[in-house]
Amino acid sequence: MVHGPTAGSPAAASDSLAHGATAATAVATATVAATTATATATAAADGAAAAVSAAPGAAVPKDLPSVDRLLRDEAVTHLMARHGHAFVAAEARRLLEDWRRRAVEGTLAAHELRHLPAELERRCEQRLAPRMRRVINLTGTVLHTNLGRALLADEALQQVLACMGSPNNLEFDLARGERGDRDSLVESLLCEITGAEAATVVNNNAAAVLLGIAALAGGKEAIVSRGELVEIGGAFRMPDVMAAAGARLVEVGTTNRTHARDYQAAIGPQTALLLKVHTSNYAIQGFTASVSEAELAPIARAAGVPLMTDLGSGSLVDLAQWSLPAEPLPQQMLADGCDVVTFSGDKLLGGPQAGLIVGRQDLVQKIRKFPMKRALRLSKLPLAALEATLRLYLQPDRLTQDLPTLRLLTRPVDQIQAQADRLLARVQDAVAPRFAVRVSAMRGQIGSGSLPVETLPSSGLVLTPQLPGKRGVGRALDELLTALRALPLPVIARVQSDELWLDLRCLDEAREEGEFIDQLALLKESLA
Ligand SMILES: *Cc1c(COP(=O)(O)O)cnc(C)c1O
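Residues numbered from 1 in each chain as written. Predicted model: local features only at pLDDT ≥ 70, side-chain atom pairs only at ≥ 80, totals over all residues. Heavy atoms only, no water.

Undergrad: I keep staring at the sheet that holds strand S12 (residues 340-344) and nothing clicks. Help me out?
TA: With respect to topology, seven strands assemble into an open sheet ordered S5-S13-S12-S11-S10-S6-S9, the strand pairing being mixed. Whereas interior strands pair on both sides, the edge strands pair on one side only; in this sheet they are strand S5 (198-202) and strand S9 (248-252). Sheet twist, expressed as the mean angle between neighbouring strand axes with direction ignored, is 25°. The pairing of strand S11 (residues 307-310) with S12 spans three bridges and is parallel. Residue pairing across strands places Asp-310 opposite Thr-342, the latter belonging to S12. Against the sheet, helix H13 (residues 293-303) contacts strand S10 (271-277) and S11, and its axis sits at roughly 155° relative to S11. (Pairing = 2+ DSSP bridges. Helix = DSSP H or I, 4+ residues; strand = E, 2+ residues; numbered from the N terminus. Axes fitted to C-alpha atoms, helices over the stretch in contact; angles between N-to-C directions. Contact = heavy atoms within 4.5 Å.)

Here you go:
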């Protein structure tokens with residue numbers, strides 16, 4: 001029950017104070033004194049229970065204004081002009097309920113009441129603030145799934161901006177003036193880049209695999225090597241995907257070794273698909289054998305069964321030219337005789353989340369016409385970004401400049417180290433004396449399951465807690481991680497061997513480096 005203070009009572013004075021966030025100090029002081037007096041008096045009047053909790057200087061529920069009274073405050077009027085009555089009133093109600101609870105507990109100080117309008121404004125802003133926010137990725141993992149994977153190229157951002165606020169030709173053939181197919185916006189590009197006969201796109205690569213299996217092997221058998229029955233993350237496990245797609249999984253070979261004869265022996269009248277899965281999330285090393293797509297293609301062809309390969313990342317350009325670990329290319333897989341190849345849009349390709357399916361005309365058509373395709377289709381938003389990203393591949397010499405993923409992956413280590421040298425003194429100043437800072441060589445990762453055993457040589461800063469022993473190291477690192485995440489532009493770092501590592505590979509020099517530096521004063525404050 002809300003009890004607004006009666007006019008003329010000391011509580012009313014505190015109410016008017018609450019309204020005047022900018023009230024003169026003299027007035028404020030006088031009123032705080034009045035509020036304190038009221039609190040004490042009310043506590044006494046309310047009996048033992050209240051008296052126990054209400055410490056001197058604590059506010060009691062009666063000191064709080066009603067919602068209506070709070071909304072009549074001048075500062076709050078301005079808030080309502082900006083955000084409307086409904087939103088501000090709801091926030092005011094919530095705030096007053098919280099503070100009333102605190103007053104009952106005796107944890108609300110009387111002097112806080114004058115900050116009520118300011119607190120309301122803070123809460124309104126907080127509630128309206130974007131939930132999805134930029135962060136600075138200093139984890140050293142370039143394609144970090146938790147941090148949104150590939151960064152979109154400017155070209156892709158511009159395309160999204162240009163087309164999403166307007167009607168567009170998503171499914172309209174401008175030349176003929178009739179209904180078109182959304183696939184056609186990217187199909188010719190994908191065919192040109194990969195040499196495929198046909199292409200289609202869906203929501204992500206998981207969807208591409210599911211759809212491919214369902215359309216090509218639903219109600220029949222699909223053969224997969226036991227070494228490739230991967231779990232990609234979340235609930236995406238190949239045996240479960242098979243079941244969901246309505247195909248019967250036929251496992252061949254063993255975990256570490258599968259031979260061509262294993263596939264041959266398993267092929268029967270019910271076989272509808274041979275499936276290869278790129279083991280991107282782990283490496284099988286030692287006594288191993290697997291059958292490459294090039295070896296498997298003639299076996300599939302002889303049996304009259306299509307061969308599909310799930311490349312996971314799949315790079316459209318040969319990464320070895322920049323001394324990066326090589327990833328299989330869709331164009332190579334098609335040249336090796338694969339009938340269908342699927343890969344992700346937001347891994348090495350450097351575009352939006354999407355699942356790309358390229359291959360033989362008749363099979364892609366079958367996939368495209370399969371009813372499940374409608375449920376998995378790519379929306380216009382990523383489609384716009386994907387089309388623009390694929391267009392960048394028409395100028396391969398420009399990719400390391402224009403495509404952020406390749407720009408970051410090919411950043412020279414000496415450039416990263418020079419950046420670390422530039423930042424050293426400033427970071428030292430922000431975290432001293434609690435942490436020592438040094439520039440160090442380090443190893444990052446491509447991420448998104450690309451060759452997890454290979455690491456990217458990089459450079460950055462290592463922060464070591466300055467403590468006499470091991471005790472408290474974990475807490476100190478936690479506190480630092482938390483402080484970095486709490487910055488206006490959150491910084492995501494990693495902990496390794498009792499130290500905090502800031503891998504600078506992904507710290508963009510043009511924009512983020514300055515933003516990072518600008519926040520160091522705040523970091524220093526929060527660690528003080
Ligand atoms: C990442 C990956 C997928 C899933 O791709 P998404 O685009 O994330 O859905 C499927 N298969 C393999 C081998 C992968 O590496």
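Having seen it, we continue.
Undergrad: What's the story with the site of the ligand in this structure? I'm lost.
TA: All residues in the neighbourhood of the ligand are listed as Arg-149, Asn-204, Asn-205, Ala-206, Ile-232, His-278, Ser-280, Asp-310, Gly-312, Ser-344 and Lys-347. Between Arg-149 and the ligand, the recorded distance is 2.9 Å, taken from a side-chain N or O atom to an oxygen atom. Lys-347 places a polar side-chain atom, nitrogen or oxygen, 2.9 Å from an oxygen atom of the ligand. Counted by class, the shell around the ligand contains two nonpolar, six polar and three charged residues. (Near = heavy atom within 4 Å. Polar contact = N/O pair within 3.5 Å; in protein donor to acceptor, adjacent residues only side chain to side chain. Nonpolar A, V, L, I, M, F, W, Y, C, P; charged D, E, K, R; others polar.)

Undergrad: Hey, could you run me through the UniProt feature "modified residue: N6-(pyridoxal phosphate)lysine" (unreviewed entry) in the protein chain in this one?
TA: The feature "modified residue: N6-(pyridoxal phosphate)lysine" (unreviewed entry), as given by UniProt, occupies Lys-347 in the numbering adopted here. Mapping Lys-347 onto the fold places it in the loop between S12 and strand S13 (355-359). Look past the residues within four positions of Lys-347 in its chain and what remains in contact with it is Leu-143, Arg-149, Ala-150, Gly-312, Ser-313, Thr-405 and Ser-448. (UniProt positions renumbered as here; feature names shortened; annotations may be inferred.)

Undergrad: Explain the packing of helix H6 (residues 85-105) against helix H7 (residues 116-128) here, please?
TA: Two quantities define a packed helix pair, namely the angle between the axes and the distance from one axis to the other. Packing of H6 against H7 leaves a shortest axis separation of 10 Å and a crossing angle of 120°. Relative to H7, the element H6 is oriented oblique. Pair H6 / H7 crosses with right-handed handedness. Here Phe-87, Val-88, Glu-91, Ala-92, Arg-94, Leu-95, Leu-96, Asp-98 and Trp-99 of H6 come into contact with H7, specifically with Leu-116, Glu-119, Leu-120, Arg-123, Cys-124, Arg-127 and Leu-128. Partitioned by chemical class, the residues of the contact of H6 with H7 number 10 nonpolar, no polar and six charged. (Parallel < 35°, antiparallel > 145°, perpendicular 65-115°, else oblique. Left-handed = near helix turned anticlockwise from the far one by under 90°.)

Undergrad: Even after reading the chapter, I still don't get helix H5 (residues 74-83), so can you show me in this structure?
TA: An α-helical turn contains 3.6 residues, so any two residues separated by three or four positions project in the same direction. Regarding H5, the residues found buried are Val-76, Leu-79 and Met-80. Seen along its axis, H5 keeps its buried residues to an arc of 100°; they face one direction. Opposite the buried face of H5, by more than 90 degrees, sit the exposed residues Glu-74, His-78, Ala-81 and Arg-82. Where H5 is buried, its residues touch helix H4 (67-71), H6 and H7. Capping the start of H5, Asp-73 holds a side-chain oxygen 2.8 Å from the backbone nitrogen of Ala-75, two or three residues further along. (Buried < 20%, exposed > 50% of the residue type's maximum accessible area, 1.4 Å probe, protein only. Arc of directions from axis to C-beta.)

Undergrad: Help me understand the pairing of strand S18 (residues 499-503), please; the structure alone is not making it clear to me.
TA: Successive side chains on a regular strand alternate, one facing one side of the sheet and the next facing the other. Among the five residues that make up S18, five are buried, leaving the element largely enclosed by the rest of the structure. Both faces of S18 are covered, namely the face carrying Glu-499, Trp-501 and Asp-503 and the face carrying Leu-500 and Leu-502. Note that strand S15 (residues 456-465) and S18 share four bridges and pair antiparallel. Across the sheet, Val-462 pairs through a bridge with Trp-501, a residue of S18. Looking at chain direction, strand S17 (residues 494-496) and S18 are connected through three bridges and run antiparallel. Residue pairing for S18: Arg-494 is matched across the bridge by Trp-501.

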